[in-house]
Structure formats: structure tokens, C-alpha cells
Amino acid sequence: MDTAVHSRSTRTPLIFLGLGALLFVFGSWWGLFIAPAEQYMGDVQRIMYVHVPTAWNWMLGVIFAFICAIAYLINGKPKWDARMEASVEVASLFALLLCIQGSVWAKPTWGVWWDWDPRLTSVAVLLFAFLGIIALRNFVEDPVKRAVWSSVATIIASVDLPIVYFSVKWWNSLHQQQSTPQTVSSAFHLPLRINALAVLFLMTGFIMLRTRVAAARLSEEMAPPPMVPGPAGELA
Amino acid sequence: MIAALRKELLLQWRSRAQFLAVFVFGASSLLLFSFGIGPNAEVLRQFSAGFLWLGLLLSSTLTLAESFHDEMENRALEGLLLLPSDPRALYYGKAIANWLQLTLLGSALIPVMVVLYDAGTDRIVALLGIVALGAAGLSAPGTLYAAMTAQVRGKQTLLPLLLFPLIVPALLASVKATSLVILGDPMDSLRAWVVLLASFDAIYWALCGLLYGRVIED
Amino acid sequence: MTGVVTGGWGYVIAAYAITSLAFLIYGVGLIRRAGQISR
């Protein structure tokens, strides 16, 4: 059994992960301890330094998944399916984190765990949509069908995102609109940007590694069964 | 496409007992919602639109799945592909048939809603129009996903799992519009919601038709 | 929205901790899975 662990091909993602982790620690430390407290929201607002970078990168992840889906439907190359599988999973993780971070922010700020903020609500809807896609992939065994169907589903779900956002925004505007602060003064920019870059590196590393895992499984599925000599020397 | 549509309608007419069963399912959902909320006439009336659409949504998973049952029984799905017909024609034929069925179902549930929740209104035409538009929003992606999940094990859970997050905008718009018709529309915002619903329908009727061919190819 | 939200450090720590933990667990899991890919 080949136990070589980290071949050259995993070095790049590991670099991304390492750099990302370092930057994340640095950016978070800055945001938590050095940046000034916000005027109205006090220290709770520091959650922004992890929430906003996660949100930006989630958005990038969804866009990437969408691109991979289209690429696969156009040229049928399995590597696009592997990348799509990876980015759908990573985007789902980020969406889940966004919902948790958002709740943790909302409770001390608005007094409720969920305030139906249009952005966060759209994230929640898309989280369920992507979880459905993951479930779909688990139920389909034929790799080509799985790839085609989940690409179609990913395209449909991604196209839905702006529609969901606008509809929830209008739906919620009839009630008291509690908006999270939009304008950010420059003292807050630096830790925000550091963490945004940090999470971007982390996400890139995650998607690269997860793609490798997906690609490995795909090549196993599509390869002809190997002829392996059994214990008594006969072929399996 | 007309031929495909005619075939679908014929199949639906033949299984009209099934339609009745789904209607009973929908009506009993509406009843259960009132038990869940309590005998508070004021509150029930307030949320009657929501209950109607939730009931219709739940029932749609049954009718949508059923619409591919015959193909699956006789493996006719692959047979259809051998015919020299455009997969898009097949899609629209089936989607329109499903749309008609859902519109009929929604319309049939309206009197149930009126009775259970005291949610009457004079604007019957507007109400029916919204039901038609909302049903269209359900049937476009619903037909696509039903085609997919019919071929897969675990189909009963997968169809709602995939469909429900997707149709959130249609659900919101339909409920809001219906609610405005029933409870009154002081700020005249009905048009905006109808436009949203119609846009959703337009986008998904186009997109799903485009993608359908890939879903049923071998 | 009135006044200043005081305290709340517990929530801040929770947000960072959950996020960091999730990244860590997912990352380490991926590294192990990728390492097991036999050539």
C-alpha cells in the first residue's frame, strides 16, 4: 500500500492553507484587539472582521461553482465536475458559518437569533439548495449522470440567488428594516482586508484539496476494474 | 409539442382519481394547519394566503412526481428520445400539463381556504390569476427536477429537497400577492409582486426548457 | 436603535472560535484525505 502522503501536487494548496491561516490569525488579532470599537455597536461589531470576509468569499465560491457547472456542460471534462463538487461543498460550509456568525451577531444586537436580514436569508436559502445538490450527488451512482444533473442543479440554484435576494428584500421591507452597518470607516479597513485575503487563501486551499479528492474518486469510478491476484494466486 | 401536451393531458384525464386524492391531501393539509394554529379566526384569516400556498406546494410534490410515473413504469423515457422530437417540446408539453393540473388544484383549494379561514374576497379573477402564475412558478422547475429524481432511488425525498429552496421567490410573491387580494391592498403594491412572480416564471420556463435535454439524455 | 451595545465579548469569541474550529477541522480532514490518495 502506497503510503506517500504529501506529493508535490499537494504542496501548493498546503501553502495556501498555511498562508491563509497565518494571515487569519494576524488579521483577527488586529480586528479584535487593535482596531477601535465601533460607536454604536461596541465590541460586538468586531464579529464583522470574520463575518464579512466569510461572506465575500462565499459569494466567490458560489460564482466559481456556477462557472464550473457551465464549463462541465460545455466540454464534459471530469475535472470541472471535480472542481464543482469541491466548490459546492466548500460554499455550503461557508454558508453554514455565515448563518452561525450572523445569528451570533444578531442576538446581542437585535435581541433575536434571526432577524430575516435579506442577505443572510438568501444565504440560508442557497445553503439548502446546495445541500440538496450534495444529496443529489450522493444518490446518483453513474458519474456522468451525476455530473450533468448536479451541473444543471447548480446553474439553476445560482441563477436563483439574486432573485431570492430581491424577493426577500421586498418581503422584509414592509416590516421594520434592521440593516447591518454598511459604511465602514478607514480604521476598520485594514483588518478587514487582511482577513478577506486570509479567507480567500484558505478557501482556495480547501477547494484545491477537495478537488483532488473528487478527481481521485472519479478516476477510480471511470477506470476499468483492476485484475488483482488473489491470495492463492488466482485472478480476482 | 402539441402532441406531447395532448398525450400528457390524456394521461392526466385517465388518472383523475389520482387528482382527487391529491386534492384531498391538500385540503387536509389546510385543515391541519388550522389545528396547528388554533381556532383563532383573526389569525387564521391573516395567514390564509400562506396556508393555501404551503398546502399547494406540498401537494405539488405528489403531482409532479406522479407525472413521470408512467414513463418510469414502462421505461418510456428512453423510448421518447428515439422519436425525432425536440426534448424541449417534450419538456414544455409536460410542464404545461403540470401547470394546468396545479392551477386546477390551487383553484379547488380556494373554497377550502375561504371556508376554513374566513378568507373570502370579491376579487376572484385576481385570485385565480395569482394561482395560475404561482402554479407556473412551481411547475417549471418542478417538472425538470421530477424528471431527474424519477430516475433515482430516494426520489421522494430528493424532489422536495431540491425544489423547495429554489421556489422561495415564487412562494413569497404568491403568498404576498394572495394576501393583498384577500386582506386588502392599501399601498397598491400588488402589481410589484405580480411582476416579480411573472419574471420568475419567465426566467425559469426559459432556463429549464434549455436544460431539460441534458437531464433526460442517456 | 438606541445607545451603545455593551459587553457581548462572549458572542465575539464564539463567532471567531466556531469559524476557526470549522476551518481547522475541515482543513485537517482534507489534508488527511488528500494524503491518502494512493498513486
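Structural data are supplied above this passage.
Conventions and cut-offs
- Residues numbered from 1 in each chain as written.
- Chains lettered and ligands numbered in written order.
- Predicted model: local features only at pLDDT ≥ 70, side-chain atom pairs only at ≥ 80, totals over all residues.
- Heavy atoms only, no water.
- Helix = DSSP H or I, 4+ residues; strand = E, 2+ residues; numbered from the N terminus.
- Rg over C-alpha atoms; globule rule 2.2 N^0.38 Å.
- Buried < 20%, exposed > 50% of the residue type's maximum accessible area, 1.4 Å probe, protein only.
- Contact = heavy atoms within 4.5 Å.
- Areas by Shrake-Rupley, 256 points an atom, 1.4 Å probe, with all protein chains shown as cover.
- Lys, Arg positive; Asp, Glu negative; His and termini not counted.
- Charge placed at Lys NZ, Arg CZ, Asp CG, Glu CD.
- Phe/Tyr/Trp six-rings, centres within 6.5 Å; stacked < 30°, edge-to-face > 60°.
- Lys NZ or Arg CZ within 6 Å of the ring centre and 35° of its normal.
- Expected span 1.5 Å × (residues − 1).
- Patch = residues over 30% accessible without salt bridge, like charges linked within 9 Å, V, L, I, M, F, W, Y side chains within 5 Å.
- Salt bridge = Lys/Arg side-chain N within 4 Å of Asp/Glu carboxyl O.
- Core = buried A, V, L, I, M, F, W, Y, C linked by side-chain atoms within 4.5 Å.
- Axes fitted to C-alpha atoms, helices over the stretch in contact; angles between N-to-C directions.
- Left-handed = near helix turned anticlockwise from the far one by under 90°.
- Nonpolar A, V, L, I, M, F, W, Y, C, P; charged D, E, K, R; others polar.
- Parallel < 35°, antiparallel > 145°, perpendicular 65-115°, else oblique.

Draft legend 1. Local environment of the overall build of chain B. Of regular secondary structure, chain B possesses eleven helices and zero strands. Overall, chain B shows an N-to-C arrangement of helices and strands of α-α-α-α-α-α-α-α-α-α-α. For 218 residues, the compact-globule estimate of 2.2 N^0.38 gives 17 Å, and chain B sits close to it at 18 Å. In terms of overall dimensions, chain B has a C-alpha envelope of 55 × 30 × 30 Å along the principal axes. A buried classification covers 51% of the 218 residues belonging to chain B. In chain B, of all internal contacts separated by at least 6 residues, the share reaching a separation of at least 24 is 83%. Accessible area for chain B stands at about 9900 Å²; split by element, carbon and sulfur atoms hold 67% of it. A distance of 3 Å separates the average location of the 14 positive side-chain charges in chain B from that of its 15 negative side-chain charges.

Draft legend 2. Region of the structure containing the packing of aromatic side chains. Scanning the model with the defined rule gives 19 aromatic pairs over all chains in all. For the ring pair F33 of chain B and F51 of chain B, a centre distance of 5.6 Å and an interplane angle of 25° mean the geometry is stacked. Of this pair, F33 of chain B sits in helix α2 (residues 16-37) while F51 of chain B is found in helix α4 (residues 48-66), placing the two residues 18 residues apart along the sequence. Aromatic rings pair up to connect F24, F94 and F206 of chain A together with F23 and Y26 of chain C into one cluster. Taking the ring centre of W80 of chain A as reference, the NZ or CZ of R83 of chain A above it sits at 4.6 Å.

Draft legend 3. A look at helix α1 (residues 9-35) of chain C. If you check α1 of chain C, its first and last C-alpha atoms are 38 Å apart, about what 27 residues at 1.5 Å a residue would give, namely 39 Å. Looking at α1 of chain C, one finds that the buried residues are V12, A15, Y16, T19, A22, F23, Y26, G27, L30, A34 and G35 of chain C.

Draft legend 4. Quick peek at a nonpolar patch on the surface. A contiguous nonpolar patch, built from F26, W29, F33 and I34 of chain A and spanning about 420 Å² of accessible area, is present on the exposed surface. By the secondary structure assignment, F26 of chain A is in helix α1 (residues 11-34).

Draft legend 5. Seen up close, the pattern of salt bridges. All names here are of chain A. Applying the stated rule across the entire model yields eight salt bridges over all chains. The partner of E85 in a salt bridge is R137, and the shortest N-O contact between them spans 2.8 Å. Residue E85 is found in helix α3 (residues 78-110), and its partner R137 is found in helix α4 (residues 118-139); the two are separated by 52 residues along the sequence. The exposure class assigned to R137 is buried, which follows from its relative accessible area of 9%. Through salt bridges with shared partners, a single ionic network connects D81, E85, E89, R137, R146, R210, R217 and E221.

Draft legend 6. View of the nonpolar core. Of all hydrophobic cores here, the largest spans 134 residues; its most connected members are W58, F94, F130, I156 and F206 of chain A together with Y145 and Y204 of chain B. Counting residues per element, this core draws most heavily on α3 of chain A, which supplies 14 residues. Among residues more than four places away in sequence, those in contact with F94 of chain A are T54, N57, W58, V199, M203 and F206 of chain A together with F23 of chain C. Formed by five residues, the second largest nonpolar core is a distinct cluster that contains V125 and V164 of chain A together with V168 and L172 of chain B.

Draft legend 7. Quick look at the packing of α2 of chain B against helix α7 (residues 87-117) of chain B. All names here are of chain B. Packing of α2 against α7 brings their axes to within 10 Å, and their N-to-C directions diverge by 35°. The chirality of how α2 crosses α7 is right-handed. Residues F19, V22, F23, G26, A27, L30, L31, F33 and S34 of α2 pack against Q101, L104, L105, A108, L109, V112, M113, L116 and Y117 of α7. The class makeup of the residues in the contact of α2 with α7 is 15 nonpolar, three polar and no charged.

Draft legend 8. Local environment of the packing of α3 of chain A against helix α6 (residues 189-222) of chain A. All names here are of chain A. Put simply, α3 and α6 touch, their axes get as near as 7 Å, and they point 135° apart. Between α3 and α6, the crossing angle belongs to the class labelled oblique. Considering only the axes of α3 and α6, their crossing is right-handed. Contact residues: α3 offers P78, D81, A82, R83, E85, A86, S87, E89, V90 and F94, while α6 offers V199, M203, F206, I207, R210, T211, A214, A215, R217, L218 and M222.

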